[in-house]
Amino acid sequence: MQFEVSYHSIVLTAENPMLFTYSNSTAHKMKFLGTLKDVQGRLPPQDGRTDLLEIVDKAQRQGRLPWVAADEDERFVVISRYGMKVTDIRKQQVHMRHPLHHIAGIIFYEDGFGRNMLAFKLGQPHDEKFDVYIYECESERHAKDVCLTLAQAFDSVYQKACMEQAMMGSNAQ
């Protein structure tokens, strides 16, 4: 099963409910598998999902990324209009923060063991390197909800910026 998010306007349906609004944040409980730092390549659209999945697979075969997340690696991934914040569930310690504009993509895939995985691709738009953060979700529906939440966060910020720009344009007249 493969699912890739597109940051274009979302059509809301019974299958795609509104999970995110501009004024709130949404927390998702996931298991953190690991990080691949300074991966060579370009950010989308030049780099495809197949390339990213091959990078993850190669890192697991080389032992640089575990095959299974430990129970103590449970995290809350909080998505807001500002970006993504990852906290430890037990200590509520912030492990990392990423501004929304650094999130280049998210890929949902089912690994060879039938687990529902998410790979977040993060980096600067003009860099030749990026980081990949891998998480395990409890179900396919959960993984799709995370993708949808992130897409709605991007859409919400974009729509807000468009409204502000239109208001500034009408005030100038």
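The model shown is predicted, which means the values in this text are computed figures rather than measured ones.

The rules behind each value
- Residues numbered from 1 in each chain as written.
- Predicted model: local features only at pLDDT ≥ 70, side-chain atom pairs only at ≥ 80, totals over all residues.
- Heavy atoms only, no water.
- Salt bridge = Lys/Arg side-chain N within 4 Å of Asp/Glu carboxyl O.
- Helix = DSSP H or I, 4+ residues; strand = E, 2+ residues; numbered from the N terminus.
- Phe/Tyr/Trp six-rings, centres within 6.5 Å; stacked < 30°, edge-to-face > 60°.
- Buried < 20%, exposed > 50% of the residue type's maximum accessible area, 1.4 Å probe, protein only.
- Core = buried A, V, L, I, M, F, W, Y, C linked by side-chain atoms within 4.5 Å.
- pLDDT = per-residue confidence, 0-100.
- Contact = heavy atoms within 4.5 Å.
- Pairing = 2+ DSSP bridges.
- Patch = residues over 30% accessible without salt bridge, like charges linked within 9 Å, V, L, I, M, F, W, Y side chains within 5 Å.
- Areas by Shrake-Rupley, 256 points an atom, 1.4 Å probe, with all protein chains shown as cover.
- Disulfide = S-S within 2.5 Å.

### Some words on the pattern of salt bridges
Overall, the coordinates contain eight salt bridges when judged by the stated rule. For Asp-71, the salt bridge goes to Lys-31, with nearest N and O atoms at 2.9 Å. Taken together, the residues Asp-71 in the loop between α1 (49–61) and β3 (74–80) and Lys-31 in strand β2 (residues 26–40) connect sequence positions 40 residues apart. Close ionic contact of Arg-115 with Asp-111 constitutes a salt bridge, the shortest N to O distance being 2.5 Å.

### Examining the packing of aromatic side chains
In this description, an aromatic ring pair is defined by two values, namely the gap between the centres and the angle between the planes. On inspection of all chains with the given rule, the structure shows three aromatic pairs. Between Phe-32 and Tyr-135, the aromatic rings sit 5.2 Å apart at their centres with planes inclined by 55 degrees, giving tilted as the arrangement. Here Phe-32, found in strand β2, pairs with Tyr-135, found in strand β8 (residues 129–137); they are 103 residues apart in sequence, far enough to count as distant. The exposure class of Phe-32 is buried, given its relative accessible area of 13%. Looking at Tyr-135, the relative accessible area reads 0%, which means it is buried. For the ring pair Phe-120 and Tyr-135, a centre distance of 5.6 Å and an interplane angle of 90 degrees mean the geometry is edge-to-face.

### Section: the nonpolar core
Counting residues in hydrophobic clusters, the biggest one holds 23 residues, and the most contacted among them are Leu-118, Phe-120, Tyr-135 and Leu-150. Looking at this core, the elements that each hand over two or more residues are β2, β3, β4 (83–88), β6 (103–110), β7 (116–122), β8 and α2 (140–171). At six residues, α2 tops the list of elements feeding residues into this core. Counting 16 residues, the second-largest nonpolar core is a separate cluster that includes Leu-36, Ala-69, Tyr-109 and Phe-130.

### A few points about the confidence of the model for the chain
Averaged over every residue, the pLDDT of the chain is 80; the share at 70 or more is 80%. Under a pLDDT of 50 for its full length, residues 1–14 has, in the predicted model, 36 contacts with residues more than four places off or in other chains.

### A word on the pairing of β7
Summarising burial for β7: seven of the seven residues are buried, a large majority. In sequence, β6 turns back onto β7 through a hairpin of five residues, with Gly-114 there showing a positive phi of about 80 degrees. The antiparallel pairing of β7 with β8 creates a hairpin that spans six residues between the two strands.

### Some words on the pairing of β2
Two elements, β2 and β3, share six bridges in a ladder whose sense is antiparallel. For Ala-27, the partnering residue across the bridge sits in β3 and is Val-78. With seven bridges joining them, β2 and β8 adopt antiparallel strand pairing. Residue Leu-36 lies in a different strand from β8, and its bridge partner there is Val-132.

### Details of a nonpolar patch on the surface
Together, Trp-67, Val-68 and Phe-113 make up a nonpolar patch on the protein surface, roughly 340 Å² of accessible area in all. Judged by relative accessible area, Val-68 falls into the exposed class, the value being 57%.

### Here's the deal with the state of the cysteines
According to the stated counting rule, one finds zero disulfides in the structure shown. No disulfide involves Cys-137; its sulfur sits 7.6 Å from the nearest other cysteine sulfur, which is in Cys-147. What makes Cys-137 buried here is its relative accessible area of 5%.

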